[in-house]
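Listed here are the chains, written in short residue letters.
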Amino acid sequence: MAVEWSALLLTCRQGHGAVSALQRELEVRRLRGGLGPRPPALLLVVEDPWARLGSGGATLNALLVAAEHLSARAGCTVVTADVLRDARILILHMGREFSFDDCGRAFTCLPAEEPGAAAEALVCNLDSLLATMTHRLCVGSPPGVWVCSTDMLLTVPSTPGINWDGFQGVRVIAAPGSPAYARNHGVYLTNEQLSLFFDIVLCMAGGVTEEGFLKGVGDASVSTARSVLWTALRGFPLSMACIPNASYSYLTASASEYIRSLTLLPGSASHLRFCKTAHSHVDQPCLLEDGSSVTNCLLEGAVQLAAGSVIQHCHLQGPLVIGPGCLFSGLSVGSSPALRGYPLHDIVLQGHHVQLQDLTCHVFTLTGHLDDWKSPVEKGTYLNVPWDEFFQRTGIREGDLWDAEMPRGSRCLLSARLFPVLHAREALGLQDVLWLLSLATVASEQLARWRTAWRMSWQELLPCLDMEAELGTRQALFFLQGQRKVRRVLLGRQDSSLLPLARSAVHEGYHEAVLSTLDEVASTASDAGIVARALACIAEVLGCMAQGEGGLRSGPAANREWASAFGRLESGDIAGGVQELAAERQKWMSRPALLVRAARHYEGAEQILVRKAVMSSGQFITVEQAELPPLGQWVQVLCPARLDLSGGWSDTPPITYEHGGAVVDVAVLVDGFRSIGARVRRIVQPELRLMTISRTPTNKVVEELVCQELEHLQDYCQPHAPGALVKAAFICTQIVQFPSQTPLRVQLMENFGGGFEVHTWSKLPHGSGLGTSSILAGAVMASLYRAAGKVASTESLIHSVLHLEQRLTTGGGWQDQVGGLVPGIKIGRSKAQLPLRVEVEQIPVPDGFTQTLNDHLLLVYTGKTRLARNLLQDVVRNWYARLPSIVQNADALVSNAEECAQALRQGDLVLLGKCLDCYWQQKKCMAPGCEPLAVGRMMDALRPHVHGQCLAGAGGGGFLYILTKAPRQKEALHQILTNTEGLGNFSIHSIEVDTCGFSVDIVGCDTKDGAHPGGDRAV
């Protein structure tokens, strides 16, 4: 549950100079989903109308701006308070400058990643506060105005326990703290500002009188404002809600405390989990000690970081040794050489973008982590040592740092002109502050160079910091390390998702950089699997660029403009193919419809490489010579259907050879029949006669086709073309050589003395989920081999079907043919490697358990059919994106398959039922939307009567198989479903385990129409 804000406003000081940059930051958060599923209609950065306005003045000004904008959106011509009545408004205050982050406390980056986020991004304190306010603290509150500072790390439990019943007036939210914390982190009041707490809230507090509230204010304007506030607000009740498990950590000006806040894990109530490296590329992570923190960095080579040190927004090259107590920020790769040779411990080293009117420059500051900015020179320190010691060591004098007119009480680190900004003759760099660390006597030329540079104090630099440039640099560094992540994940075959990074790249205009990196990986990788994933990632970037417009991602990829690139990939010229794809892509970037079509073609290119990878299974196909059947003699193959009891989808390429798969299958007779078959005979005419008999829920469909020329076979790779499966089988069995210069008639006459006639049939409806297509492919290949005087083992047929389905471009897995070609109950497995090899293990079951299964298993035809192709495209797309839910589910599918196999070995129906139910949940995770509403009603009605149930195959329709609690429940369950509304046409069928497997028989020469098993009744 989340609050739906009407308006979100971020206030900043006058003269801040980065209003447009901050507005972009808010807009980017809207794009990447950081403001909730329904982001605020009004998203605005509000600059204070004058300096030193104070938090109270900034709140009132922001509220006025919100009312003005909401009034305009409501069609009003004047500002009206009525628009605030039902509005939910969140006002966030940027507050004062922050010594350790040029973008302020709001945009201080936290060492955290959000793996579940839709778009990958740095996690700022602002993001943490927005999440806390939207999803935790404000949930359940009535319409109103929430005001929150951004100068603290706030942790709130997921259920804060605030009671909003009957709430009226104003409520302040408190977190428990110690007296010591209150002393060290109190608030201060100046008469020139209007304070949110000491002016607006105080006038509603109990025990405060009007006289006491108004007196003691020196400034007349503040006194007048207080009088108005007293009159307007005194009647509102003020209450407090204290959240016991909440915590509040103010981001102080103490470097040691700030470092500690970034290296200590937040409390258990936090929605964030801090990590040692966040959004960073580190070549040697073993050199980062526990208790250190690296955020938004590139650390190349040997960069050693001690516990208690923090690096943010840096690109460094080793060798470097950074000791404890350090905070490094804003250092570019060119700074690395200067760092070597200095004692790097207990220091704060920062690079800053500075704007001096029309001049931009890069300035470095160096302080000690124990230094206090405001301690007077007599008591203070610099680089953690007393000023006198520092002066003696470096030769610097007080007069170098402070004007003679400055009172001694005002001389402190904050006002010391320590930091070189410009030099008349030489370029300045990091070495111009690092020399201040020297332990030995400083060379006179370093001191002279420092003295002749124009230097500024931190107090003088603060107003000149260029937040827009700093945000831009951080963004560029984030995507630079993101490009390294792309290489690392793809080349290292890591199961990390790159889709969130792709979304961010599109949102923030870095998509070309990411596409370029993906092109580079795809064109240089030696592994076709890596190339395929890189191409799939390019498709994702293009899909993100279309922003949900331009049509469905799943669709044809046959535009002639891409044919040349596809041809190169087919021929094995991967680098050339990738380069041609990239060149063609540039022509398809102008609008969403073209982007979607380009994405489809990249997925088509990826499928070429998947096909080539799967075809590596061809080395496990062995065919032996056998007696050639006489001319006209029929070879008939009959096959059972299959039930997938667990593990399906893990057999699907590329999952099966990148992750590894395991599927438990059982070969079954449906209503006592082997439902799938093929018969082949040689004929005198040198041609191919194909007859396909298929079933719909209402009738039989017969298709006849005669192929006399090779060109009649050229559509074998188009799954919906007439006879495509049989055409592909002729090519894969090498009965026909295609392509070839030898005509089809000549090939047939020379090799076989004539042609072939093939009949195929299935008694099961299309889209049944019982593995029909793949099992039929196995039947066709087995019959073709035998009719051509050859014979193939079951293992060879399993791999032959894999090979055929890649040539056919349907891209299926191996579980269907394992289920239908191997008898009984078995588990098939494939390892995460190429070449792809499927190994099958028969599962021994207790005596009598096979009959028990026959008595307790039933098939329910749901009346719904659905093709698995679009489901398959979606699953493969999500796998290549390595969505965390899909990766975890792939693990779970395999482990559930092994548990299911164990349940069968033990003869445990209850455990088997649990595995079936678990499997159905896993299928729904893999392919959301595969449970139609009517099927859901059917499963709900059956649930009290079954141990478990699951839709067969990919889901979406077809057959539901159920494991009943009582035996032989066909009639009873039929009555239950008949009395259930909204199911449509359904039928219940008996099934029994086929312990014999597929059969190959010579059945004679009689060929009368209808004299084939396809004439039997259909389900």
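Structural data are supplied above this passage.
Rules used throughout
Residues numbered from 1 in each chain as written. Predicted model: local features only at pLDDT ≥ 70, side-chain atom pairs only at ≥ 80, totals over all residues. Heavy atoms only, no water. Phe/Tyr/Trp six-rings, centres within 6.5 Å; stacked < 30°, edge-to-face > 60°. Helix = DSSP H or I, 4+ residues; strand = E, 2+ residues; numbered from the N terminus. Buried < 20%, exposed > 50% of the residue type's maximum accessible area, 1.4 Å probe, protein only. Pairing = 2+ DSSP bridges. Core = buried A, V, L, I, M, F, W, Y, C linked by side-chain atoms within 4.5 Å. Contact = heavy atoms within 4.5 Å. 1 Å grid on protein atoms, 1.4 Å probe; cavity = no way out; pocket = protein on both sides within 12 Å on 5 of 7 lines; lining within 4 Å. Points joined across faces, edges and corners; volume = space filled by probe spheres on them. Nonpolar A, V, L, I, M, F, W, Y, C, P; charged D, E, K, R; others polar. Salt bridge = Lys/Arg side-chain N within 4 Å of Asp/Glu carboxyl O.

A.B. asks: Talk me through the packing of aromatic side chains; I want residue IDs and the actual numbers.
C.D. replies: As enumerated under the stated definition, the model contains 21 aromatic pairs in all. Consider the rings of Tyr716 and Phe738, whose centres lie 5.8 Å apart with planes at 80°: the pair is edge-to-face. You can see Tyr716 sitting in the loop between β30 (700-707) and α23 (724-732) and its partner Phe738 sitting in the loop between α23 and α24 (744-752), a full 22 residues away along the chain. Classification of Tyr716 as buried rests on a relative accessible area of 13%.

A.B. asks: Which residues make up the pairing of strand β37 (residues 959-964), and what values do they have?
C.D. replies: Most of β37 is tucked away, with six of its six residues classed as buried. In this sheet, β37 lies alongside strand β36 (residues 946-951) in antiparallel orientation, the contact comprising five bridges. In the sheet register, Gly948 faces β37, and the bridge partner there is Leu963.

A.B. asks: Residue-level account of the nonpolar core, with values.
C.D. replies: Within the largest apolar cluster, 218 residues are counted, with the highest numbers of intra-cluster contacts made by Leu535, Leu643, Leu688, Phe730, Phe756, Leu853 and Leu904. Setting aside its immediate chain neighbours within four residues, Leu643 contacts Val664, Asp665, Val666, Val668, Leu770, Leu857, Leu859, Tyr961 and Ile991. In terms of nonpolar packing, the next biggest core, distinct from the first, is built from 74 residues, Leu288, Phe390, Ile396 and Leu430 among them.

A.B. asks: Lay out empty space enclosed by the protein in plain terms, naming residues and giving numbers.
C.D. replies: Enumeration over the complete set of coordinates arrives at five cavities of 30 Å³ or more. By volume, the largest cavity amounts to about 90 Å³. If you trace the largest cavity, you find it lined by Val486, Leu498, Leu499, Ala502, Val514, Leu518, Ala536, Cys537, Glu540, Val541, Tyr880 and Ala881. Where the lining of the largest cavity is concerned, the elements lending two or more residues are α16 (499-507), α17 (511-524) and α18 (528-546). The element contributing the most residues to the lining of the largest cavity is α18, with four residues. Here the residues of the lining of the largest cavity sort into 11 nonpolar, no polar and one charged.

A.B. asks: Describe the pattern of salt bridges, with residues and values.
C.D. replies: Applying the stated criterion across every chain, the model contains 49 salt bridges. Between Arg417 and Asp403 there is a salt bridge, with its nearest N and O atoms 3.0 Å apart. Here the residue Arg417 occupies a position in the loop between α11 (398-401) and β22 (419-422), and Asp403 occupies one in the loop between α11 and β22, the gap between them amounting to 14 residues. For Asp403, a relative accessible area of 36% corresponds to the partly exposed category.

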